[in-house]
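Each chain, letter by letter, is given below.
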Amino acid sequence: MTIPTLDPMMTAAWEALDARADAFDPDLRAWFEADPDRASKWTKTAADLRVDLSKNLIDEGVLADLLALAQQCGVGELRDRMFAGEHINTTEDRAVLHTALRRPDTDELIVDGQDAIADVHEVLAKVYDFADRVRSGEWVGITGKAVKTIVNVGIGGSDLGPVMAYEALKPFVREGLECRFISNIDPTDAGETTKDLDPETTLVIVASKTFTTLETITNAKVVRDWFLSSLREKGLAQDEAGEKEAIARHFVAVSTALDKVAEFGIDPNNAFGFWSWVGGRYSVDSAVGTSLAIAIGPDGFEEFLAGFNAIDEHFLNAAPEQNVPLLMGLLNVWYSNFLGADTHAVLPYSQYLHRFPAYLQQLTMESNGKSVRRDGTPVTYETGEVFWGEPGTNGQHAFYQLIHQGTRMVPADFIAFANPAWPLKDGEADMHELFLSNFFAQTKALAFGKTSEEVRAEGTPEAIIPARVFTGNRPTTSIMAASLTPRVLGELIALYEHITFVQGAVWGIDSFDQWGVELGKVLAKQILPAITGDTDALAAQDSSTRGLIEFYRANRA
Ligand code: F6P
């Protein structure tokens, strides 16, 4: 099956947007003054999310052209083909079906001759049963003790989703349970994470789609060694049979490669599968979320999945003018391809979302950091902006200066919740209100700025007026929900999944492969002998790499 690939620059809509951008002179102050309904016109609802797009550099004309661009690039058709399970990941010849992970069990979706939804619910039932047994204390370690700490060993999509969601949903985590995460092959990660752990109450989840990833397999072996030697020190697991039993009680796996799980020594009965049609960065709502399912429980995980599904339904069914992922994806195209933005900030006003920007970096940049279209032809326009961010208000005291007064345009998404998990007060002052006053103030300052007249009127000395002027017209989107719940988190993730999809669909690229990570992996394997003393391998390196390795060898104690 072929997926038609179009050069978006050849469309009439791209040409129209180009012409618009040339003459574009946005003025948010004037636009808001001229139209008292601007906020309500540009505020959209997607499930529980209220999304205010009004402080973006967009008017009806730009919107019409962006929607025409989506139509001319076949975004809707590609979306339908994705949801139907067609192989839209063309370079890997795979279906892209993370949306099947959250569909109700009453649905059916035959993919490559198999009902994907039935498969999903079979695994979910297994994950839930396991989660219940761990949470209730029925699942015990070799000394009969219940699990207290779950260590997820994984990297990329097998780490960022679980850790981000665990951090985000801390208020929903069962008391007495803790999740920890080991991802980096830097020995510091495994060392620091295990140093105070009791092996008798630890459950290790080795999560790897391929079960070949160097970091994860190395960390899994290192953690297994730590685990077995700690037990031996306690006089436990003294022989092979004892070790086998200990591994069976304390190690489980999540993977699409169940044969490799068995080779590693984990009982296949303690393995949770998923499928090639779930991309790593789209997998937190598969069995990859097992640590989360244990932490927040099956009911919480079901809510999480329902949130994803609500946004999937919105993306499928909402009219284009109301379709939030479509509009936000198109706005990103507008900023990066027509107004020169290179980066996109995500600024959650929620400390619980402190790993959300890192999660989005993999989702967006591994998906859309591509230079060729699906048919192999090179793109002649920018793709994949750099996503970055930190929670507010911390970022305000660090990098917001550049967003307010720098020379670059940085479109930014602000995210906040009406209700705090911690209703703390400073005397009479509600801390959450102090916090949110910053959220509201920042997008206002970015949009409307401060003129030289206003600065002068404050009595500012003439010489420093220019330094204190804010130009305004710095675009932001404000996303709000009542509270950060499992459901709302699912909605937020699905929103960004589909924003990423829309951008990739316009750009004609394969958003679901990641060939760009391969070369570094191959070279690392080739370089290892040069580091460990193979002089021929060292001599074969380029002069810079050789110099770096020589410095390492000279300084390694
Ligand atoms: O190297 C990139 C990558 O393949 C990501 O796409 C993926 O999420 C990560 O590595 C981990 O892969 P795995 O789950 O197969 O260990």
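Each value, and the rule that gives it
- Residues numbered from 1 in each chain as written.
- Predicted model: local features only at pLDDT ≥ 70, side-chain atom pairs only at ≥ 80, totals over all residues.
- Heavy atoms only, no water.
- Helix = DSSP H or I, 4+ residues; strand = E, 2+ residues; numbered from the N terminus.
- Rg over C-alpha atoms; globule rule 2.2 N^0.38 Å.
- Buried < 20%, exposed > 50% of the residue type's maximum accessible area, 1.4 Å probe, protein only.
- Contact = heavy atoms within 4.5 Å.
- Lys, Arg positive; Asp, Glu negative; His and termini not counted.
- Charge placed at Lys NZ, Arg CZ, Asp CG, Glu CD.
- Polar contact = N/O pair within 3.5 Å; in protein donor to acceptor, adjacent residues only side chain to side chain.
- Near = heavy atom within 4 Å.
- Areas by Shrake-Rupley, 256 points an atom, 1.4 Å probe, with all protein chains shown as cover.
- Pairing = 2+ DSSP bridges.
- Axes fitted to C-alpha atoms, helices over the stretch in contact; angles between N-to-C directions.
- Domains from an automatic or database assignment.
- Buried area = accessible area lost by both parts, 1.4 Å probe.
- Salt bridge = Lys/Arg side-chain N within 4 Å of Asp/Glu carboxyl O.
- Nonpolar A, V, L, I, M, F, W, Y, C, P; charged D, E, K, R; others polar.
- Parallel < 35°, antiparallel > 145°, perpendicular 65-115°, else oblique.
- Left-handed = near helix turned anticlockwise from the far one by under 90°.
- Expected span 1.5 Å × (residues − 1).
- UniProt positions renumbered as here; feature names shortened; annotations may be inferred.
- Right-handed = clockwise from strand over helix to strand, strands pointing away.
- Patch = residues over 30% accessible without salt bridge, like charges linked within 9 Å, V, L, I, M, F, W, Y side chains within 5 Å.

### What about the overall build of the protein?
- Within the protein, the secondary structure is distributed over 22 helices and 15 strands.
- Here the C-alpha atoms of the protein give a radius of gyration of 26 Å, agreeing with the 24 Å that 2.2 N^0.38 yields for 557 residues.
- For the protein, the spread of C-alpha atoms along the principal axes amounts to about 80 × 65 × 60 Å.
- Counting over 557 residues, the protein shows a buried share of 53%.
- Sequence-distant contacts, at least 24 apart, represent 75% of the contacts inside the protein between residues at least 6 apart.
- In the protein, 47 positive and 80 negative side-chain charges are present, and the distance between their average locations comes to 4 Å.

### Regarding the side chain of H250
- By secondary structure assignment, the location of H250 is in helix 10 (residues 240–250).
- On the accessibility criterion, H250 (1% relative accessible area) is buried.
- Looking at H250, its side chain comes within polar contact range of the main-chain nitrogen of I142, at 3.1 Å.
- Other than its neighbours up to four places away in sequence, H250 contacts G141, I142, P199, E200, T202, L203, V204 and F227.

### Structural notes on the site of the ligand
- Surrounding the ligand, one finds 14 residues, the nearest of these being S158, S208, K209, T210 and T213.
- Within the side chain of T210, an N or O atom sits 2.6 Å from an oxygen atom of the ligand.
- A distance of 2.5 Å separates an oxygen atom of the ligand from a polar side-chain atom of T213.
- Notes on the ligand: free accessible area 390 Å², of which the protein chains cover 88%.

### A few points about the sheet that holds strand 5 (residues 149–153)
- Strand order in the open sheet made by the five strands is 6-5-7-8-9, with parallel pairing throughout. Each having just a single partner strand, strand 6 (178–182) and strand 9 (271–273) make up the two edges of the open sheet. Each strand of the sheet is rotated relative to its neighbour by a mean of 20°, with strand direction disregarded.
- Sheet analysis places strand 5 next to strand 6, joined by five bridges and oriented parallel. Bridge pairing in strand 6 links T149 to E178.
- Sitting on the sheet, helix 6 (residues 116–136) touches strand 7 (202–207), strand 8 (251–255) and strand 9, and the angle it makes with strand 9 is about 150°.

### Here's the deal with the domain arrangement of the protein
- Looking at the assigned domains, one finds that the protein contains domain 1 (27–86 + 299–507) and domain 2 (127–296).
- Spacing between the C-alpha centres of domain 1 and domain 2 amounts to 34 Å.
- Contacts between domain 1 and domain 2 engage 26 residues on the former and 23 residues on the latter.
- Roughly 2200 Å² of surface becomes buried between domain 1 and domain 2 when both sides are summed, with 69% attributable to carbon and sulfur atoms.
- For the domain 1 face of the interface with domain 2, the top three residues by lost area are F301, Y352 and Y359, together amounting to 30%.
- Our count for the domain 1 to domain 2 interface comes out at one salt bridge.
- For the interface between domain 1 and domain 2, the tally reads seven residue pairs in polar contact (both at pLDDT 80 or more).
- Residue assignment for the side of domain 1 that touches domain 2 shows that the elements contributing at least two residues are helix 12 (290–317), helix 14 (356–368) and helix 19 (486–507).
- Top element by residues in the side of domain 1 that touches domain 2 is helix 14. It accounts for seven residues.
- Class assignment for the residues of the side of domain 1 that touches domain 2 results in 15 nonpolar, six polar and five charged.

### Here we look at the environment of N309
- Inspection of the secondary structure puts N309 in helix 12.
- With near-sequence residues (within four places) excluded, N309 lies in contact with R102, R103 and P104.

### Observations concerning the packing of helix 7 (residues 160–168) against helix 14
- Relative orientation of the contacting elements helix 7 and helix 14 amounts to 155°, with a least axis distance of 9 Å. As the angle between them shows, helix 7 and helix 14 are arranged roughly antiparallel. At the point where helix 7 passes helix 14, the crossing takes the left-handed sense. Mapping the contact onto sequence places L160, G161 and M164 in helix 7 and F356, A358, Y359 and Q362 in helix 14.
- The residue makeup of the contact of helix 7 with helix 14, split by class, is five nonpolar, two polar and no charged.

### Some details on helix 13 (residues 324–338)
- The end-to-end C-alpha distance of helix 13 is 20 Å, a good match for the 21 Å that 15 residues give at a rise of 1.5 Å each.
- Of the residues one or two after helix 13, G340 is the one with positive phi, at around 80°.

### Examining the UniProt feature "active site" (unreviewed entry) in the protein
- The UniProt record annotates "active site" (unreviewed entry) at E366, H397 and K521. A stretch of 156 residues holds the annotated residues, and the largest C-alpha distance among them is 37.0 Å, long enough that they do not meet in one place.
- Along the chain, E366 falls in helix 14.
- Apart from residues lying up to four places away in sequence, E366 is in contact with R281, Q361, D513, Q514 and V517.
- A polar contact is formed between the side chain of E366 and the side chain of R281, at a distance of 2.9 Å.

### A word on the pairing of strand 10 (residues 343–349)
- Burial runs high along strand 10: six of the seven residues are buried.
- Both strand 10 and strand 11 (residues 386–388) contribute to a ladder of three bridges, which runs parallel. Within the sheet, the bridge partner assigned to H344 lies in strand 11 and is F387.
- After leaving strand 10, the chain enters helix 14 and then returns to the sheet as strand 11, a path that is right-handed.
- Pairing between strand 10 and strand 12 (residues 412–417): five bridges, direction parallel. When the sheet's bridge partners are listed, Y349 is paired in strand 12 with A416.

### A short note on a negative patch on the surface
- Together, D105, D132, E138, D299, E302 and E303 make up a region of like negative charge exposed at the surface.
- Here the negative patch takes three residues from helix 12, the largest share from any one element.
- Under the relative-accessibility criterion, D105 is labelled exposed at 56%.

### Here we look at the pairing of strand 1 (residues 43–46)
- With four bridges joining them, strand 1 and strand 2 (residues 49–52) adopt antiparallel strand pairing. Within strand 2, the residue paired with A46 across the bridge is L49.
- Two successive antiparallel strands, strand 1 and strand 2, enclose a turn made up of two residues, where A47 displays a positive phi of approximately 50°.

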